[in-house]
Amino acid sequence: MASRRSITFILLMVVVGLNLRPAMSSVAPLLTRLQESAGLSATAAGLLTTLPVLFLGLSAPLAPALAKRIGSERALSAALLLLAIGLILRGLPIPGVLFVGSAMAGCAIGLGGTLLPALVKRELPDSADLLTGLYTMALCLGGALGAGFSVPLTQLLGSWQASLMSWSLLALFALLLWHFHMPHTTLANTSASPKSGILRLLKQPLTWHVMLFMGIQSSMAYIVFGWLPTLLVDRGYNEADAGWTMAVSIMCQLASALGAPWLARMGRNQRPALILVLLSTAIGLWMLLIAPLAWQWFGATLLGVGQGGSFSLALSLLVLRTANSRLAGQLSGLVQGGGYTLAALGPFGVGVMLQSGANTSQIAWLLIALITVCCGFALLAGRNHRLDDRSGELLVVVTRPRSD
């Protein structure tokens, strides 16, 4: 039976997770309006969608060092405070703060998203992969809220600036809950410094397999967050319909985010589940961006199922491929840092392609080709291998398939 501490932690994890996507998904439905009112070119708009992802990747490797210095709990409090400040800044009528606030929000999301998997591994190690699915579901729900309510909030509050700033209230609410109810534990001494731990991990091919899978599938996600409504408007949708199409797609991520780790447990390894969700993503993109418009909702559903499942499994790999919470934290920082830095090229690349005259169909086929490459890394990362340093040396060991 779950303890009170465990239940409290799970609820806090969900509330924090809700905050780690609206900063990005709330911009996409307003991107056309931002280009018109703020005079942003397609390249500048691509930079705006890229900055949060780029700084997410740059800040993620700093999370283990910050956790070692002040503790994971207080580090997550600092990340939520930074997120709230960034969300407020990007709506202020000051030149350049839209980009500065977006970068700050990305840093906060990078820190929070890296700290949470390690905390899950520490608090509930036996169910870490399944709880990662619940955490991912919270991320997807937050993303759906950002996409679906961005335009209505603009109409209700009178401006896109107020709409973007309003998401800081959710971050402040999460900060207060986390500050007063977060789990407390003493700082553990570790023989390896974060720097030396990262260097050891970089020498392991398994680290690179997980990182590249994370990077490519995340790039697909942030292209959708940043550009899907714009690409749908180019196909003939109006602004509100495009935003709701993305919101429906993200809402469909909820079920797959929660269910994918259970599906992965049913096989001998995670390979079949990884390939299945990537295939669903590719077909969904084809239906939305290439196939006739009649496939809109079926395409949105498949895209959501694929992306929710692939992201949930990517985070699950961080705990499944490590033997303890310390290694999970180090791998999380490294994989999310490198993966999201790579993912940042996606939204910016789409902006450059649009600026150069590429059409929606050409962009869609390029994305499908990248998903095919991602399948190769999924086959490598999905094997039952695990990083273990209990012998004093970092080794890759083969683990037995789960029997539960």
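In case you missed it, the structure is sitting above this.
The following refers to the structure shown. In this text the structure is predicted, and so the values were computed from the model without any measurement. (Residues numbered from 1 in each chain as written. Predicted model: local features only at pLDDT ≥ 70, side-chain atom pairs only at ≥ 80, totals over all residues. Heavy atoms only, no water.)

## Description of the overall build of the protein
On a plain count of helices and strands, the protein comes out with 18 helices and 2 strands. Taken against the 2.2 N^0.38 rule, which gives 22 Å for 404 residues, the C-alpha radius of gyration of the protein at 20 Å falls within 12% of a compact globule. Projected onto the principal axes, the alpha-carbon positions of the protein cover approximately 60 × 40 × 40 Å. For the protein, buried positions account for 57% of its 404 residues. Residue pairs in contact within the protein that sit at least 24 positions apart in sequence constitute 83% of those at least 6 positions apart. For the protein, the computed accessible surface area is about 16,000 Å², with 68% contributed by carbon and sulfur atoms. For the protein, the distance from the average site of its 24 positive side-chain charges to the average site of its 12 negative ones is 9 Å. (Helix = DSSP H or I, 4+ residues; strand = E, 2+ residues; numbered from the N terminus. Rg over C-alpha atoms; globule rule 2.2 N^0.38 Å. Buried < 20%, exposed > 50% of the residue type's maximum accessible area, 1.4 Å probe, protein only. Contact = heavy atoms within 4.5 Å. Areas by Shrake-Rupley, 256 points an atom, 1.4 Å probe, with all protein chains shown as cover. Lys, Arg positive; Asp, Glu negative; His and termini not counted. Charge placed at Lys NZ, Arg CZ, Asp CG, Glu CD.)

## Examining empty space enclosed by the protein
In this structure the tally under the stated criterion is 5 cavities of 30 Å³ or more. Space inside the largest cavity adds up to approximately 140 Å³. Lining the largest cavity we find 14 residues, and of these R21, A221, F225, Q253 and F311 sit closest to its centre. Listing elements by their share of the lining of the largest cavity, those giving two or more residues are α8 (128–157), α12 (205–234) and α15 (296–320). With 6 residues, α12 is the largest single contributor of residues to the lining of the largest cavity. Estimates place the volume of the second largest cavity at around 70 Å³. Along the walls of the second largest cavity sit A23, M24, V27, L48, T49, P52, V53, Y222, F225 and G226, which together make up its complete lining. For the lining of the second largest cavity, the secondary structure elements donating two or more residues are α2 (22–25), α4 (42–59) and α12. The biggest single contributor to the lining of the second largest cavity is α4, with 4 residues. (1 Å grid on protein atoms, 1.4 Å probe; cavity = no way out; pocket = protein on both sides within 12 Å on 5 of 7 lines; lining within 4 Å. Points joined across faces, edges and corners; volume = space filled by probe spheres on them.)

## Some thoughts on the side chain of Q270
Examined against the element boundaries, Q270 turns out to sit in the loop between α13 (239–266) and α14 (271–289). Looking at Q270, the relative accessible area reads 9%, which means it is buried. A distance of 2.4 Å separates polar atoms of two side chains, one belonging to Q270 and the other to R321. Q270 has contacts with A264, L317, L320, R321, G382, R383 and N384, leaving out every residue within four places of it along the chain. (Polar contact = N/O pair within 3.5 Å; in protein donor to acceptor, adjacent residues only side chain to side chain.)

## Quick look at the pattern of salt bridges
Taken as a whole and judged by the stated rule, the model has 3 salt bridges. Between E73 and R122 there is a salt bridge whose closest N-O contact spans 2.8 Å. One end of the pair, E73, is in helix α6 (residues 72–89); the other, R122, is in helix α7 (residues 97–123), with 49 residues separating them in the sequence. Judged by its relative accessible area of 6%, E73 is buried. Here E123 ties to R122 by a salt bridge, and the two come within 2.7 Å at their closest N and O atoms. Accessibility expressed as a relative area gives 14% for E123, which makes it buried. Through salt bridges that share partners, R5, E73, R122 and E123 make up one connected network. (Salt bridge = Lys/Arg side-chain N within 4 Å of Asp/Glu carboxyl O.)

## Comments concerning the packing of α7 against helix α16 (residues 325–343)
Viewed as axis vectors pointing N to C, α7 and α16 meet at an angle of 160°, and their least axial separation amounts to 8 Å. With respect to α16, the element α7 is oriented roughly antiparallel. In terms of crossing hand, the pair formed by α7 and α16 is right-handed. Only S325, A328, G329, S332, G333 and Q336 of α16 make contact with α7, whose side of the interface consists of G113, T114, P117, A118, K121 and R122. Split into classes, the residues belonging to the contact of α7 with α16 amount to 3 nonpolar, 7 polar and 2 charged. (Axes fitted to C-alpha atoms, helices over the stretch in contact; angles between N-to-C directions. Parallel < 35°, antiparallel > 145°, perpendicular 65-115°, else oblique. Left-handed = near helix turned anticlockwise from the far one by under 90°. Nonpolar A, V, L, I, M, F, W, Y, C, P; charged D, E, K, R; others polar.)

## Digging into the packing of aromatic side chains
Each aromatic ring pair is specified by the distance between its two centres and by the angle formed by the two planes. For the structure shown, the criterion picks out 3 aromatic pairs. Centroid distance Y222 to Y340: 5.8 Å. Interplanar angle 70°. Geometry classified as edge-to-face. Linking Y222 in helix α12 with Y340 in helix α16, this pair joins segments that are 118 residues apart in sequence. Classification of Y340 by relative accessible area gives buried; the value is 1%. (Phe/Tyr/Trp six-rings, centres within 6.5 Å; stacked < 30°, edge-to-face > 60°.)

## Things to note about a nonpolar patch on the surface
Together, L47, F348 and V352 make up an exposed nonpolar region whose accessible area comes to about 210 Å². Note on placement: V352 falls in helix α17 (residues 345–355). By relative accessible area, V352 is classed as partly exposed at 33%. (Patch = residues over 30% accessible without salt bridge, like charges linked within 9 Å, V, L, I, M, F, W, Y side chains within 5 Å.)

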